[in-house]
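Architecture and fold: a report
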2 protein chains.
Amino acid sequence: MDKKKSLSIKEIAKLANVSVATVSRVINNNGRFSEETRIRVQKIIDQYGYRTNMAAKSLRMAKSKTVGIIVPNINNEWFSLLVLEIEKYFFEKNYSVFICNTSQTEAKEIAYFQSLDSKMVDGIMCISGSEELPTGIMTRDIPIVCIDRKPKNHHNVYYVESNHYSGGYLATEELIKKGCKRIAIVSRNKSLSVNQQRLEGYRQALKDYGLEAYDELQILLDVSSPNYDGTKHAVEKLVQSNIPFDGVFATNDWRAYGVVVALTENHIRVPQDVKVIGFDDIPISYACHPSLSTIHQNTKLLAQKASGLLLSLMNGENPVDNEKHYILPVELIQRDSTQI
Amino acid sequence: MDKKKSLSIKEIAKLANVSVATVSRVINNNGRFSEETRIRVQKIIDQYGYRTNMAAKSLRMAKSKTVGIIVPNINNEWFSLLVLEIEKYFFEKNYSVFICNTSQTEAKEIAYFQSLDSKMVDGIMCISGSEELPTGIMTRDIPIVCIDRKPKNHHNVYYVESNHYSGGYLATEELIKKGCKRIAIVSRNKSLSVNQQRLEGYRQALKDYGLEAYDELQILLDVSSPNYDGTKHAVEKLVQSNIPFDGVFATNDWRAYGVVVALTENHIRVPQDVKVIGFDDIPISYACHPSLSTIHQNTKLLAQKASGLLLSLMNGENPVDNEKHYILPVELIQRDSTQI
DNA sequence: ATGAAAGCGCTAACAC
DNA sequence: GTGTTAGCGCTTTCAT
């Protein structure tokens, strides 16, 4: 095998006839060494190779250049896009990222917090999930940044999200402006703050435009119900019940697509008979037929804002504006499913 | 703050009036301590809390209970499903997983190999990508398992994949059996072994059934071309060129969906006029309209096989059958896009 | 500008 | 069954 064995600092020191301290200084460019020494050490390194043993460095420095991402399920385009962007950001800064899928399981989340604590991560990014954050379990006071997850007020826990209320409002308003009078919503029953806020935006829009919020048109799916299939079945039932409706706001794009298919299969035309709008703007909303109007979240910005925040917190800086909560604007995307 | 500060082994030893060695033995359940001692130590731990400092443990043991996953882009349902399953598997075994997106960039891949090496991962999983594997860069001889990536013959590098040749054959055969005579293929031009094998399956099927493999019906997209849009445009061009065809094998589901939309928008009916089949069986193939026939890869099994293999290699075991290459069967899924 | 030495928290070889 | 001790590779304080 052609493995370079990689020397330790001690071995380099011996070969270069300097002390380990000096080698360490050169490697980390910490000053207090002469150019001459630098060259001598560098030559040895170039010749024999050196790779930092991060275990040792972490042990000594009590930090690891590593962060953890807690996420419900990475097999979800919206989450995986966030994770992708976060990982990109931290790769640039020389951090590695632990991926931690919780499957919405509290036990797994707790286990991961412990593991991350044990592995000395310097910070944690939490995507979605409940208000409860098992920070009490941690032995070190590392910063935590939440995305789309409203944490209880904890020390060193920050929060960035899209404006879901505004998104819910815009989506509903779009349906109203396109002439819908009886607008249904398909969302989730669990009190995830995100869905809650979208629902409130929906209600407020109806109110502002003097439309009634019919209880029987507010479909709150069970947490266990899959986005697409669950919604499809729910809408099929709604159709069979003969309760009239002419617009549907689905609180994510897979749900919206479920609505479209359910309607189409029941010979209800979208958008002629019923208009539909989704949320998130994932690729399928653009690719499907008819294409889905939706609310675009600026995922990349969200990821960058959250990552930048976490990084500065890990560096011991206070966020510029000293805010613990950041809200990013969303945008209405008009496509075929809400055409007049 | 309610942070338990977590004692070190040394502190526990003092409180329990035993030596650090004994505490270590109790914690790791390594035997050579009395039940009485165990209880005494455990009591202290229960009372004050203890969290292993994995940096120290890794340093000492030269292993980290950590693996890296190298993947082109996690924002791709097929990859993210693999990653999800791999992560699940290793979570059960108390391993953490570093996520490493390469964006198909060799430089990023190399940087990640170095970083993983530095962070003392015990093994690496490589998903997709080129034959080249920068193993020369590593300073330790840790096992590597590739999924859908055919590595050059390296020591300690293993390989598991679906039977892509068979998949290509089955897909093409399905079109043939449903009456197609002029069957196009849309794939990728880069010599990714996976696509290459699917293409060969296609060619062999045509041959076996005595059909011609028209060059002008073999569309090989550029690597940079996005799956959906790229395919859509390519098929639009094909339609405009007036070259006749009655079946299309797209080598992944997003491409297949691009085919369907391009045809539909050109008033060519699927499956009546042209039949279409995809590959991978991701959710969209089931959800879209008309639903897509496709080749199902047993992703979960793939992930588990690869993970189990990596785990046993990390444990220093030789794989049972001493094979370095495993091929898993695929399955034809018949849906509407190839109906007669 | 450089070196000696302590010590981060842990495991394991060795002694009893 | 238990304790003593060395040492994994690194950074950093304190000398000089």
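Residues numbered from 1 in each chain as written. Chains lettered and ligands numbered in written order. Predicted model: local features only at pLDDT ≥ 70, side-chain atom pairs only at ≥ 80, totals over all residues. Heavy atoms only, no water.

Moving on to the overall build of chain A. Helix and strand counts for chain A come out as 12 helices and 12 strands. Expected size for 340 residues packed as a compact globule is a radius of gyration near 20 Å; at 26 Å, chain A overshoots this value by more than 25%. Structurally, chain A occupies a C-alpha span of about 85 × 40 × 35 Å along its principal axes. Expressed as a percentage of its 340 residues, the buried residues of chain A come to 56%. Contacts spanning at least 24 positions in sequence make up 68% of the contacts within chain A whose residues lie at least 6 apart. Taking the average location of the 41 positive side-chain charges in chain A and that of its 39 negative ones, the two points are 10 Å from each other. (Helix = DSSP H or I, 4+ residues; strand = E, 2+ residues; numbered from the N terminus. Rg over C-alpha atoms; globule rule 2.2 N^0.38 Å. Buried < 20%, exposed > 50% of the residue type's maximum accessible area, 1.4 Å probe, protein only. Contact = heavy atoms within 4.5 Å. Lys, Arg positive; Asp, Glu negative; His and termini not counted. Charge placed at Lys NZ, Arg CZ, Asp CG, Glu CD.)

Residue and element names in this part refer to chain A. Domain assignment breaks chain A into domain 1 (9-52), domain 2 (64-163 + 300-328) and domain 3 (164-298 + 332-338). Across the domain 2/domain 3 interface, buried area totals approximately 1,300 Å², and carbon plus sulfur atoms make up 44% of it. If you sort the residues of domain 2 by the area they bury against domain 3, E77, W78 and N163 come out on top, with a joint share of 42%. Scanning the region where domain 2 abuts domain 3 turns up 0 salt bridges. Those elements that provide at least two residues to the side of domain 2 that touches domain 3 are α5 (77-92), β5 (157-162) and α12 (299-314). Across the side of domain 2 that touches domain 3, the residue classes tally to 4 nonpolar, 5 polar and 5 charged. (Domains from an automatic or database assignment. Buried area = accessible area lost by both parts, 1.4 Å probe. Salt bridge = Lys/Arg side-chain N within 4 Å of Asp/Glu carboxyl O. Nonpolar A, V, L, I, M, F, W, Y, C, P; charged D, E, K, R; others polar.)

On to the interface of chain A and chain B. Each partner contributes to the interface: chain A provides 63 residues, whereas chain B provides 64 residues. Summing the contributions of chain A and of chain B, the shared interface buries around 5,500 Å²; its carbon and sulfur component is 59%. At the surface where chain A touches chain B, the tally comes to 4 salt bridges. Measuring nitrogen to oxygen at the nearest pair gives 3.4 Å for the salt bridge that ties E87 of chain A to K108 of chain B. For the interface between chain A and chain B, the tally reads 32 residue pairs in polar contact (both at pLDDT 80 or more). Of all the secondary-structure elements, those providing two or more residues to the side of chain A that touches chain B are α4 (54-61), α5, β2 (96-101), α6 (106-118), α9 (227-240), α10 (253-265) and α11 (283-287) of chain A. Taken together, the residues of the side of chain A that touches chain B break down into 28 nonpolar, 19 polar and 16 charged. (Polar contact = N/O pair within 3.5 Å; in protein donor to acceptor, adjacent residues only side chain to side chain.)

Looking now at helix α1 (residues 9-16) of chain B. Residues and elements named next belong to chain B. Those residues of α1 lying buried are I12, A13 and A16. Buried residues of α1 fall within an arc of 105° about the axis and therefore sit on the same side. In α1, the exposed positions angled more than 90 degrees off the buried face are occupied by K10 and K14. Packing partners of the buried residues in α1 comprise α2 (20-28) and α3 (35-48). (Arc of directions from axis to C-beta.)

We now examine the side chain of E77 of chain A. Here E77 of chain A shows up in helix α5. Although E77 of chain A lies buried, it forms no salt bridge, and the closest oppositely charged side chain, R335 of chain A, sits 12 Å away as judged by the N-O distance. Ignoring anything within four residues of it in the chain, the contact list for E77 of chain A reads W254, I282 and P283 of chain A together with N75, E77 and W254 of chain B.

Here we take up the nonpolar core. What tends to happen in soluble globular proteins is that the nonpolar side chains get buried as a cluster. Grouped together as the largest cluster of nonpolar side chains are 120 residues, with contacts concentrated most on F90, Y257 and L263 of chain A together with F90, Y257 and L263 of chain B. Apart from the residues lying within four places of it in its own chain, the contact partners of L263 of chain A are V235, V239, F245, I268, V270, V274 and V276 of chain A. Counting residues in each nonpolar core, the second largest holds 33 residues, with L116, C126 and M138 of chain A together with V121 of chain B among its members. (Core = buried A, V, L, I, M, F, W, Y, C linked by side-chain atoms within 4.5 Å.)

Next up on the list: the relation of the copies chain A and chain B. Under the fitted operation, chain A is carried onto chain B by 0.1 Å of movement along the axis and a turn of 180°, and the coordinates agree to an RMSD of 0.2 Å. The two molecules are tied by a two-fold rotation axis, judged by turn and shift. A share of 100% of the interface residues of chain A reappears at the interface of chain B, consistent with the copies meeting face to face through the same patch. (Least-squares fit on C-alpha atoms with pLDDT ≥ 70 in both.)

Of all residues adjacent to DNA strand D, which total 27 residues, the nearest are Y50 and R60 of chain A together with R25, S34 and T37 of chain B. The sugar and phosphate moieties of DNA strand D supply 56% of its atoms located within 4 Å of the protein. One of the backbone N or O atoms of S34 of chain B is found 2.5 Å from a phosphate oxygen in DNA strand D. At 2.6 Å, a side-chain N or O of T37 of chain B approaches a phosphate oxygen of DNA strand D. Residue assignment for the surface near DNA strand D shows that the elements contributing at least two residues are α1 (9-16), α2 (20-27) and α4 of chain A together with α2 and α4 (54-61) of chain B. Classifying every residue of the surface near DNA strand D gives 10 nonpolar, 10 polar and 7 charged. (Near = heavy atom within 4 Å.)

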